[in-house]
Amino acid sequence: MSTRGAAARVAAPAPRHAPPARPRPRLVPPPSGRSRRFQRVQLHGVRLAWIVIPFIAILLGGVVWVNVARLNLTTQTGRTVDMYDQVQSDVLKLRAKLAQKDGEVVDQAAKRLGMVQAPGTGLTYVNVPLDARVTPGQAPRTR
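Everything numeric here is computed off the predicted structure, so don't read it as measured data.

Asker: Break down the overall build of the chain for me, citing the residues and quoting the values.
Answerer: From N to C terminus, the chain includes two helices and three strands. Looking at the chain residue by residue over its 143 residues, the buried ones come to 2%. When the accessible surface of the chain is totalled, it reaches about 14,300 Å², and 63% of it is carbon and sulfur.

Below, the structure is given as structure tokens:
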């Protein structure tokens with residue numbers, strides 16, 4: 001007997017156990033008289049259709065819920081835009097009415113006081129020379 005053979009047997013690592021494989025869907029054998037086309041797929045003894053159909057129903061229900069929420073938001077946004085346009089129209093009408101009343105008040109004041117309004121065109125602006133300008137804290141020149 002050789003010592004090399006015994007050492008080789010002792011030094012060899014123990015075989016590892018492989019992790020359990022994922023369970024695969026198994027096909028249930030069809031009852032007598034049915035073809036293989038009508039076999040039912042099962043996972044851990046539960047029909048796969050009992051899991052997939054409710055999952056798809058929940059998924060579609062979520063899509064419908066999101067679309068309804070989006071439609072409500074779009075409707076509210078449209079109402080808000082309509083209200084904004086209506087308010088802007090009212091503001092423009094009020095500004096026009098205010099300008100009309102302001103013009104009437106100016107006309108009445110001009111008639112009562114005998115004033116004449118300056119023409120809108122032909123106004124001349126006066127330019128002040130640089131040496132005549134007054135800075136803050138400086139007394140204005142009178143001579």
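Asker: Summarise helix H2 (residues 49–113); cite the residues concerned and give the values.
Answerer: Along its 65 residues, H2 runs 95 Å from first to last C-alpha, staying within 8% of the 96 Å computed at 1.5 Å per residue. Positive backbone phi, approximately 70°, marks Gly114, located one or two places after H2.

Asker: Requested: an account of a nonpolar patch on the surface, with residues and values cited.
Answerer: On the surface, a cluster of nonpolar side chains totalling about 810 Å² of accessible area is made up of Val46, Trp50, Ile51, Val52, Phe55, Ile56, Leu59 and Leu60. The greatest single-element share of the nonpolar patch, amounting to seven residues, is contributed by H2. Looking at the element boundaries, Val52 is found in helix H2. Looking at Val52, the relative accessible area reads 37%, which means it is partly exposed.

Asker: I'd love a proper account of the confidence of the model for the chain, names of residues and values included.
Answerer: When pLDDT is averaged across the chain, the result is 79; 66% of the residues are at 70 or more. Mean pLDDT across the elements of the chain ranges from a minimum in helix H1 (residues 3–11), with 56, to a maximum in H2, with 94.

Cut-offs and rules
Within each chain, residue numbers correspond to sequence positions counted from 1 in written order. Side-chain atom pairs in this predicted model are given and counted only at pLDDT of 80 or more, local residue features only at pLDDT of at least 70, and totals for whole chains, interfaces and linings cover all residues. Only hydrogens and water are removed before side-chain values are computed, so all heavy atoms of the structure are retained for them. Secondary structure counts use DSSP, requiring at least four H or I residues in a row for a helix and at least two E residues in a row for a strand, with both numbered from the N terminus. Exposed residues in this analysis have more than 50% of their type's maximum accessible area, buried residues have under 20%, and partly exposed residues fall in between, with area computed by a 1.4 Å probe over protein chains only. Surface accessibility follows the Shrake-Rupley procedure with a 1.4 Å probe radius. Residue values consider only the protein chains on display as shielding. One fewer than the residue count of a helix, multiplied by 1.5 Å, yields its expected span. Patch construction takes residues with relative accessible area above 30% that form no salt bridge. Like charges are linked within 9 Å, and nonpolar side chains (Val, Leu, Ile, Met, Phe, Trp, Tyr) are linked within 5 Å. We define a salt bridge as a contact between a side-chain nitrogen of Lys or Arg and a carboxyl oxygen of Asp or Glu at a distance within 4 Å. Confidence of the predictor at the level of single residues is given by pLDDT, which spans 0 to 100.

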